Amino acid sequence: MVLRKGPQHIAIIMDGNGRWAQAKGLPRIAGHREGANSLREVLKVCAEIGVKYLTVYAFSTENWLRPQEEVDFLMDLLAQSIEDEMPELMHNQVKLNFLGRLSSFSSELQQRMKQAMEKTKMNNRITLNVMVNYGGRAELVDAFRSILADTPHLNAGNIDEPTISNYLYTKGLPDPDLLIRTANEMRVSNFLLWQIAYAEIYVTPTFWPDFRREQLLAAVEDYKKRTRKYGMTKEQVNAG
Ligand code: IPE
Ligand code: IPE
Ligand code: MG
């Protein structure tokens, strides 16, 4: 039996913070705070096992619809986490990217995100993409607008799959091999619509604040047992 190699790129829909908190009789924001600890641990384990890219859904284009105080808390948590985690990210050689429609954030928060990206851009052990004010549909709209802006005499021949990939926020990154969603929801909620075309999907009932080393390793083990066929037959795939 062939021992499959682990994923190079893991994407995670970090869901269930609110339910985790509510189950403990705590306010929803307590779940977001604990969720930040999960991210720190999952990033560390990913680096240890040789994952090169970790892409996490932190705030969607739809999450602005939440109660204002929850949105405010998430913005503060984001700003605070950037500051608190910077020494560790530098120490562990993590390249940090914030991807999404960043212009909707306060200028102070945008500044912090920019500085963090600038400071970590030469780090090369693992890349952490934090998707904020991110929507897969918004990303495609932005891509088509940029293609049009860059290509004055656009014709049908200018549009192909590599071109579209190159205009996404994730340009230059390989597509995710494994997409994990916590808290048992069987949907993609507007995450990486283009990039997950052939990702292996893993859904777990565990709420994000409880998703740590053991749960990540279980997801990776499950991934290693999958057969990725890309439309071919199993026999073709086995023939290599
Ligand atoms: C995910 O947890 C975090 C964000 C979407 C920001 P939720 O806050 O969605 O938690 P549930 O789904 O309400 O439990
Ligand atoms: C998706 O979770 C967004 C993030 C994890 C940031 P949601 O909790 O917002 O998704 P829905 O509303 O359950 O689809
Ligand atoms: Mg949710």
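Caption draft 1: Spotlight on the site of ligand 1. Taken together, 13 residues lie near ligand 1, and Asp-15, Gly-18, Arg-19, Arg-28 and Arg-66 sit nearest. At 2.8 Å, a side-chain N or O of Arg-28 approaches an oxygen atom of ligand 1. Note that an oxygen atom of ligand 1 is positioned 2.7 Å from one of the side-chain N or O atoms of Arg-66. Starting from 370 Å² of accessible surface for ligand 1 in isolation, the protein chains cover 87%. Most atoms of ligand 1, that is more than half of them, are within 2 Å of grid points of the largest pocket. Contributions of two or more residues to the shell around ligand 1 are made by helix H1 (17–23), helix H2 (28–48) and helix H3 (68–91). Counting residues per element, the shell around ligand 1 draws most heavily on H1, which supplies 3 residues. Among the residues making up the shell around ligand 1, the classes are represented as 3 nonpolar, 5 polar and 5 charged.

Caption draft 2: Structural view of the site of ligand 2. Around ligand 2 lies a shell formed by Ile-13, Met-14, Asp-15, Tyr-57, Ala-58, Phe-59, Asn-63, Arg-66, Arg-181, Arg-187 and Ser-189. Between ligand 2 and Arg-181, the relevant distance is 3.4 Å, taken from an oxygen atom to a side-chain nitrogen or oxygen of the residue. The contact in question runs from an oxygen atom of ligand 2 to an N or O atom on the side chain of Arg-187, over 2.8 Å. Computed on the free molecule, ligand 2 has an accessible area of 390 Å², of which 78% lies beneath the protein chains in the complex. Taken together, the residues of the shell around ligand 2 break down into 5 nonpolar, 2 polar and 4 charged.

Caption draft 3: Here's a closer look at the pairing of strand E2 (residues 53–60). The buried fraction of E2 amounts to 7 of the 8 residues, a majority that puts the element mostly inside the structure. Both strand E1 (residues 9–13) and E2 contribute to a ladder of 5 bridges, which runs parallel. Paired with Ala-11 across the bridge in E2 is Thr-55. As paired elements, E2 and strand E4 (residues 126–134) share 7 bridges and run parallel to each other. Note that in E4 the partner of Thr-55 across the bridge is Asn-129.

Caption draft 4: View of the packing of aromatic side chains. Applying the stated rule across the entire model yields 8 aromatic pairs. Ring geometry for Tyr-57 against Tyr-134: centres 5.9 Å apart, planes inclined by 80°, an arrangement best described as edge-to-face. With Tyr-57 in strand E2 and Tyr-134 in strand E4, this pair connects stretches of sequence that are 77 residues apart. Accessibility assignment for this pair places Tyr-57 and Tyr-134 in one class, buried. Clustering of aromatic rings is evident, with ring pairs tying together Tyr-57, Tyr-134, Tyr-169 and Phe-191.

Caption draft 5: Main features of the pattern of salt bridges. Under the counting rule described, the total for this entry stands at 19 salt bridges. For Arg-28, the salt bridge identified is with Glu-70, shortest N-O distance 2.8 Å. Here Arg-28, found in helix H2, pairs with Glu-70, found in helix H3; they are 42 residues apart in sequence, far enough to count as distant. You can call Arg-28 partly exposed: its relative accessible area is 29%. With relative accessibility at 5%, the residue Glu-70 sits in the buried group. As a salt-bridge pair, Arg-112 and Glu-83 come within 3.2 Å of each other at their nearest N and O atoms. One end of the pair, Arg-112, is in helix H4 (residues 107–120); the other, Glu-83, is in helix H3, and 29 residues separate them in sequence. Residue Arg-112 is classed as partly exposed on the basis of its relative accessible area of 23%. Three or more residues are tied together by salt bridges with common partners; here these are Asp-15, Arg-19, Arg-181, Glu-185 and Arg-187.

Caption draft 6: Highlighting the environment of Ser-107. Within the secondary structure layout, Ser-107 lies in helix H4. The class for Ser-107 is exposed, based on a relative accessible area of 61%. Taking the C-alpha atoms as reference points, Ser-107 and Pro-176, separated by 69 residues in sequence, lie 31 Å from one another.

Calculation notes
Residues numbered from 1 in each chain as written. Chains lettered and ligands numbered in written order. Predicted model: local features only at pLDDT ≥ 70, side-chain atom pairs only at ≥ 80, totals over all residues. Heavy atoms only, no water. Near = heavy atom within 4 Å. Polar contact = N/O pair within 3.5 Å; in protein donor to acceptor, adjacent residues only side chain to side chain. Areas by Shrake-Rupley, 256 points an atom, 1.4 Å probe, with all protein chains shown as cover. 1 Å grid on protein atoms, 1.4 Å probe; cavity = no way out; pocket = protein on both sides within 12 Å on 5 of 7 lines; lining within 4 Å. Sits in = over half its atoms within 2 Å of the grid points. Helix = DSSP H or I, 4+ residues; strand = E, 2+ residues; numbered from the N terminus. Nonpolar A, V, L, I, M, F, W, Y, C, P; charged D, E, K, R; others polar. Buried < 20%, exposed > 50% of the residue type's maximum accessible area, 1.4 Å probe, protein only. Pairing = 2+ DSSP bridges. Phe/Tyr/Trp six-rings, centres within 6.5 Å; stacked < 30°, edge-to-face > 60°. Salt bridge = Lys/Arg side-chain N within 4 Å of Asp/Glu carboxyl O.

In short, geometric facts, not functional conclusions.
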